[in-house]
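# Analysis of the macromolecular model
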Amino acid sequence: MKSNLLLLTLLFISGLLFSQGFKHDIFMISLSDKNNSPYSYFHPQDYLSYKALERRAFQNIQIDEKDLPVNPQYVSKIKDLGAELVLSSKWLNAVSVYIPDSTLIDKIKDLPFVTSVTPLGFKKKAKEPNIQEHFPYEAYKKGDNYYGAALNQVAMLGGHVLHGIGYTGQNKTVAIFDGGFANVYRMPAFDSLFAENRILGTRDFVEGDEFVYEASSHGTQVLSCMAANLPYLVMGTAPGASYYLMKTEDVGSEFRIEEFNWVCAAEYADSLGVDIINSSLGYTTFNDPAMNYKYEDLNGNVGLCSRGADIAVEKGMLVVNSAGNEGDGKWKYIGTPADGHNVISVGAVRSNGSTASFSFFGPTPDGRMKPN
């Protein structure tokens, strides 16, 4: 009896330590306004590319306050207190900052333009890139069909029909958000992307550098579904498109900083004039239980990246996001940003077209059909 009581006591104490042991050092500072900003509606070329402005003009989308960057005067005052700027989000009117000294938090809260300070997670240091040699061509065995191993998935979407009439994604720009794109630069299936300069750029929002060919092969697999161009081995649905590769997900942990990264990546994609955002990411529960979402929160208005994704669509981009992969687990419903009102959330099917058991379910708590 005593041993059982001791065990229960230890479990209770460890539970308290777990719930209180997250001393976050990255925080979201939400700002009250964009008053007295040096940026203007009349000079959007200061913060949007020509391609972004061209897309807005074509879709008759007006420049509004969301387009204006965060007020740099506010950022300077936060930095003057000792915080280090990590990222800024004009759509959320917020910044993520590194605060090594927790005593700074109250000082920042006292600033007249700060509305809230919310923990997001932990700062990540950039690692040295590990550059490796190109894979040899002779390592691949080709099949008899032009689409190779991708025949069924391309045909299910009618991709072969579109290709037959000349639509391969040419003149379209896609930004892929994921946890990493390991080996992309050394795989023959992507050689045409590099030879034709159709990898337009890369950015790592987790570690703060430009090297994204690390950490995870999931982004590589997603890219291959679209951009692979190795006839008779594997062909993607959009081998003629151009791509930006953006790492927003920290595959080693799960904190809301990744949602903030997602929004900042979407803003960056918008500023570059991207046409489509493809994201195979989703968030429901986190390492810090205090950050967890409830099903009732998945109404498209609560999640950071859900709000950001809806704004991305308002700005003229198509946002396509996976519904999620835990449909046969404890959490079976969609996550963020798949719950976004304007997001095309995509479920998974098996090779015969039937729904995959692991695919997330809907509807959203406000009754919308998901996945789309």
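Please refer to the structure placed before this passage.
Fair warning: this is a prediction, and the values are worked out from it, not measured in the lab.

Check the secondary structure of the protein and you find 10 helices and 12 strands. Its C-alpha atoms give the protein a radius of gyration of 22 Å, near enough to 21 Å, the size a compact globule of 372 residues would have. Counting only C-alpha atoms, the protein reaches 70 × 65 × 45 Å along its principal axes. In the protein, which comprises 372 residues, the share counted as buried stands at 48%. In the form shown here, the protein has an accessible surface area of approximately 18600 Å², with 55% of it arising from carbon and sulfur atoms.

Moving on, we come to the environment of Q170. Take Q170: it is sitting in the loop between α6 (159-164) and β5 (173-178). Assessed through its relative accessible area of 35%, Q170 is described here as partly exposed. In the structure, Q170 is positioned 69 residues away from P239 in sequence and 8.0 Å away in space, judged by C-alpha atoms. Setting aside residues no more than four positions away along its own chain, Q170 makes contact with G240 and A241. Polar side-chain contacts of Q170 include one of 2.5 Å to the backbone oxygen of G166.

Below, the discussion takes up helix α2 (residues 50-58). Considered for burial, the residues of α2 that qualify are A52, R55 and R56. In an axial view of α2, the angular spread of the buried residues amounts to 100 degrees, which keeps them on one side of the axis. Exposed residues on α2 whose side chains face more than 90 degrees from its buried face are Y50, A57 and F58. Against the buried residues of α2 lie α9 (257-272). Within two residues after α2, N60 carries a phi angle of roughly 55 degrees, on the positive side.

Right, let's get into the environment of D270. Mapped onto the elements, D270 comes out in helix α9. Put simply, D270 and R56 are 214 residues apart on the chain and 10.0 Å apart in space, counted from C-alpha to C-alpha. Once you skip the residues sitting within four places of it in the chain, D270 turns out to touch L48, A52, R55, R56, D67, W91, K315 and M317.

Before going further, it helps to examine the pattern of salt bridges. Tallying each qualifying case throughout the model produces 14 salt bridges. Across the pair D64 and K315 runs a salt bridge, and its minimum N-O distance is 2.8 Å. Taken together, the residues span a long stretch of sequence, with D64 in the loop between α2 and α3 (72-80) and K315 in the loop between α10 (304-314) and β11 (318-322) at a distance of 251 residues. Taking the shortest distance from any N to any O, the salt bridge between K247 and E214 comes out at 3.1 Å. With a gap of 33 residues between them, K247 in strand β9 (residues 242-247) and E214 in the loop between β6 (199-204) and α8 (218-227) connect regions that are remote in the sequence. Across this residue pair, the class does not change: K247 and E214 are buried. A network of salt bridges, in which partner residues are shared, links R55, R56, D64, D67, D270 and K315.

Calculation criteria
Residues numbered from 1 in each chain as written. Predicted model: local features only at pLDDT ≥ 70, side-chain atom pairs only at ≥ 80, totals over all residues. Heavy atoms only, no water. Helix = DSSP H or I, 4+ residues; strand = E, 2+ residues; numbered from the N terminus. Rg over C-alpha atoms; globule rule 2.2 N^0.38 Å. Buried < 20%, exposed > 50% of the residue type's maximum accessible area, 1.4 Å probe, protein only. Areas by Shrake-Rupley, 256 points an atom, 1.4 Å probe, with all protein chains shown as cover. Contact = heavy atoms within 4.5 Å. Polar contact = N/O pair within 3.5 Å; in protein donor to acceptor, adjacent residues only side chain to side chain. Arc of directions from axis to C-beta. Salt bridge = Lys/Arg side-chain N within 4 Å of Asp/Glu carboxyl O.

The values are spatial; any link to function lies outside them.
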